[in-house]
Amino acid sequence: MTSLRSTIAAAQQAGRAALVGYLPAGYPSVEGSIELVQRMVKAGVDIVEVGLPYSDPVMDGPTIQAAAEVALAAGTRTADVFRVVEASAALAPTVVMTYWNPVERYGIDQFAASLADAGGVGLITPDLIPEEAGEWIEAADRRGLDKIFLVAPSSTRRRLELTSQASSGFIYATAVMGVTGAREQSSSAAPELVRRVKEVTDLPVGVGLGVSTRVQAAEVALFADAVIVGSALVHAIAGEANPTDAMAALGALVEDLALGVRRELE
Amino acid sequence: MPDAAGHFGRFGGRFMPEALIAPLDELEQHWRKAMADDEFVAQFNQLLREYAGLPSMLYEAERLSEAVGARVLLKREDLNHTGAHKIRNVLGQALLTTKMNKRRVIAETGAGQHGVATATACAYFDLDCVVYMGEVDMVRQALNVARMRMLGAEVIPVTSGSRTLKDAINEALRDWVTNVDDTHYMLGTAAGAHPFPAMVRDFTRGIGDEARAQTLELLGHLPAAALACVGGGSNAIGMFAGFIADESVRLYGFEAGGDGYETGRHASTITAGQIGVLHGTRSYLLQDEDGQTLESHSISAGLDYPGVGPEHAWLAETGRATYTSISDAQAMEAMALLARTEGIIPAIESAHALAGVPGVVADLGADVELLVCLSGRGDKDMDTAAKWFGLVDEADLVAEVKMK
Ligand SMILES: Cc1ncc(COP(=O)(O)O)c(C=O)c1O
């Protein structure tokens, strides 16, 4: 199984950033999300982030909120997320991104076991800070899963140190103070944040929140080891009336972003 | 007291995006400094006294006492400015906001009570005020929407999720993470991430501290028990805080039972929920098998929340306080009883605490002195009460209006 670090290192060796693509499991249906994730990998995503749809996504803007509502209304369960992971992990290193309560409810150790059994390699936890993560860190270490915590422009140096010590795989840098959603302007805070993270750790840094175009991906690829795209992909799918067009729109956007992380702008 | 990271036993803590951790640290520092600063405390007390009309009276309800077979002392928070205990918390947080040099305040509201209190404090301190309110609640509580706007607040309808209080909190958190540099999030109850539960308790504990002194003066000894309703838990923790160290005083919290907690349509988080994480804290909550938050149900909008403050979870687990579920019907009966025996119309929230009296009498025996937090007045609930009791015939009303 390919690890997050080796995947990002391979991209670095090829002189580019890695492309990380996020899609919520169960959107628009479990089977539909499996096909979309597979399409995303074929079109050039290096690492897949499968979202666990949650009733109270405080870090997400309207696009991902709406997708989560659709997924939950369609009856998506935690166990379904692992099915999507399994299908994705066969093609590319795959992590889950989830708010914390569904993990506690599933059972922390059990969640780690199911994720590892499905071939997942790590977990991104947007509302879990290392200070509250003792049990998760133990469970993840037992299963060899990566623990991807977030840092933000507001993080102090002491917190950057603490968070990077608790992290593995890569560090997730939120480029702006805000929620997920495509933004027209690239963040001016992101390069500074990545510089500060690099001062305290050798871990690769992925930058997310707001990237939606090839140009933005290229800009972020200048200073980040991985470019994370979520809302823009969901938006591309949501804009299409039928599954075939949604697949095509997603594929086209990912191909474009893949050129961006290679800094191929023409 | 919680530990340094805001844990009450295994409850509490901080389950928040990293982006908000530094702002929460900053808030905690300011709050700790303020509570140790004589000048801040004096300013806060002066505001409570001269602006909010505190300390609230302790009133011995003799005819009610006769009816229930115990001596009932009411802590009259219903007489406070804006009509509920909530004014204590917002004045404390608004004063703190000015010390942090922030200009903008955001808040969530369900029934509109906390929204009105927040809008009031912001008008007083000349702060910009934005209140998030579920679209469903805005229709149910149109009068309070008008009150907030009258006070200069912007009320933003929340259309995501279940369009009620929990989604208003989500939306306020999204605003906060985006605008935290100049914005304070004025959370309306003793829940949420550390330091909110302890901070809100500090600002509302006047309820219990005043009541303790008043009871001692009136009776010469402490009451047998203190009773309060529990939504997120601010009036209850404010009352309990005055008595936690007094082991002889039993503490009783009353949760909203809706149609009866056995039916699944309720807001009895401690009675019938499970431990989990919601809105930044670990506590009891209403959730499904996958940890998705369930909608709560109560006739009382102020208690209609699927979570509860972490200190209550801890008081329940340690056995220091007892939590019981009160159905809509029981609460409405108690509301009518107080109105008829004492000429006081309580908020439906507070009526849940009154409805708990017979159970406590059964526990402790008759002729004990019970202190009940009358957290608010019922003016805001007259629509609901009119429908419940059939106080007005809608056809008659329409005819009356037409005649005019
Ligand atoms: C009068 C009154 N009592 C009680 C509550 C419940 O809140 P808490 O549990 O925080 O006291 C409310 C909330 O709106 C209220 O208006």
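The structure presented is a predicted model; accordingly, all values stated were derived computationally and were not measured.

> Please clarify how the environment of Ala 191 of chain B should be interpreted in this entry.
Residues and elements named next belong to chain B. Mapped onto the elements, Ala 191 comes out in the loop between strand S8 (183-185) and helix H9 (196-204). Put simply, Ala 191 and Phe 40 are 151 residues apart on the chain and 23 Å apart in space, counted from C-alpha to C-alpha. Residues contacting Ala 191, with those up to four places away along its chain left out, are Phe 196, Pro 197, Val 308, Gly 309 and Pro 310.

> Honestly, the domain arrangement of chain B in this entry has me stumped. Any pointers?
By convention, interface size is frequently given as the accessible area that disappears when the constituent parts associate. All names here are of chain B. Taken domain by domain, chain B comprises domain 1 (15-49 + 85-199) and domain 2 (54-83 + 204-388). For domain 1 and domain 2, the distance between their C-alpha centres works out to 23 Å. If you look at the interface, domain 1 gives 29 residues, while domain 2 gives 33 residues. Contact between domain 1 and domain 2 buries roughly 2,700 Å² in total, counting both sides, with carbon and sulfur atoms accounting for 61%. When the buried surface of domain 1 facing domain 2 is broken down by residue, Phe 15, His 85 and Arg 88 rank first, second and third, together holding 30% of it. Our count for the domain 1 to domain 2 interface comes out at two salt bridges.

> Would you mind showing me how to read helix H9 (residues 189-200) of chain A here?
For the α-helix, the turn length of 3.6 residues means that residues three or four positions removed from each other point alike. For H9 of chain A, built from twelve residues, the straight-helix expectation of 16 Å at 1.5 Å per residue is met to within 8% by its first-to-last C-alpha distance of 18 Å. Of the surrounding secondary structure, the elements contacted by the buried residues of H9 of chain A are strand S6 (150-151), helix H8 (157-166), strand S7 (171-174) and strand S8 (205-208) of chain A.

> Can you help me understand the sheet that holds strand S4 (residues 71-76) of chain B in this one?
Within a beta sheet, neighbouring strands are joined by backbone hydrogen bonds and run either parallel or antiparallel to one another. Residues and elements named next belong to chain B. Judged by pairing direction, the sheet is mixed, and its six strands sit side by side in the order S3-S4-S14-S9-S10-S13 without closing on themselves. Looking at which strands have only one partner, the edges of the open sheet turn out to be strand S3 (58-60) and strand S13 (321-326). Pairs of neighbouring strands in the sheet enclose a mean axial angle of 25°, with direction left out of account. With six bridges connecting them, S4 and strand S14 (residues 369-374) associate as parallel partners. Bridging across to S14, Arg 71 finds its partner in Glu 369.

> Help me understand the interface of chain A and chain B, please; the structure alone is not making it clear to me.
Each partner contributes to the interface: chain A provides 34 residues, whereas chain B provides 36 residues. Each partner contributes to the roughly 2,900 Å² buried at the junction of chain A and chain B, and carbon and sulfur atoms together form 46% of this total. In terms of surface lost to chain B, no three residues of chain A exceed Val 58, Arg 105 and Glu 132 of chain A, which account for 22% of the buried area on that side. Along the contact surface separating chain A from chain B lie five salt bridges. Residue Arg 282 of chain B is joined to Glu 104 of chain A by a salt bridge in which the shortest nitrogen-to-oxygen separation is 2.1 Å. Contributing elements (two or more residues each) for the side of chain A that touches chain B: helix H3 (62-73), helix H5 (100-106), S6 and H8 of chain A. Take the side of chain A that touches chain B: its biggest share by element is five residues, from H5 of chain A.

> Teacher, can you tell me more about helix H12 (residues 243-261) of chain A here?
All names here are of chain A. The terminal C-alpha atoms of H12 lie 27 Å apart, and with 19 residues this matches the ideal 27 Å at 1.5 Å per residue to within 8%. On the buried face of H12, the contacting elements are strand S1 (18-24), helix H2 (30-42), helix H10 (214-221), strand S9 (226-229) and helix H11 (231-238). Directly after H12, the chain includes Arg 263, whose backbone phi takes a positive value near 60°.

What counts as what
Residues numbered from 1 in each chain as written. Chains lettered and ligands numbered in written order. Predicted model: local features only at pLDDT ≥ 70, side-chain atom pairs only at ≥ 80, totals over all residues. Heavy atoms only, no water. Helix = DSSP H or I, 4+ residues; strand = E, 2+ residues; numbered from the N terminus. Contact = heavy atoms within 4.5 Å. Domains from an automatic or database assignment. Buried area = accessible area lost by both parts, 1.4 Å probe. Salt bridge = Lys/Arg side-chain N within 4 Å of Asp/Glu carboxyl O. Expected span 1.5 Å × (residues − 1). Pairing = 2+ DSSP bridges. Axes fitted to C-alpha atoms, helices over the stretch in contact; angles between N-to-C directions.

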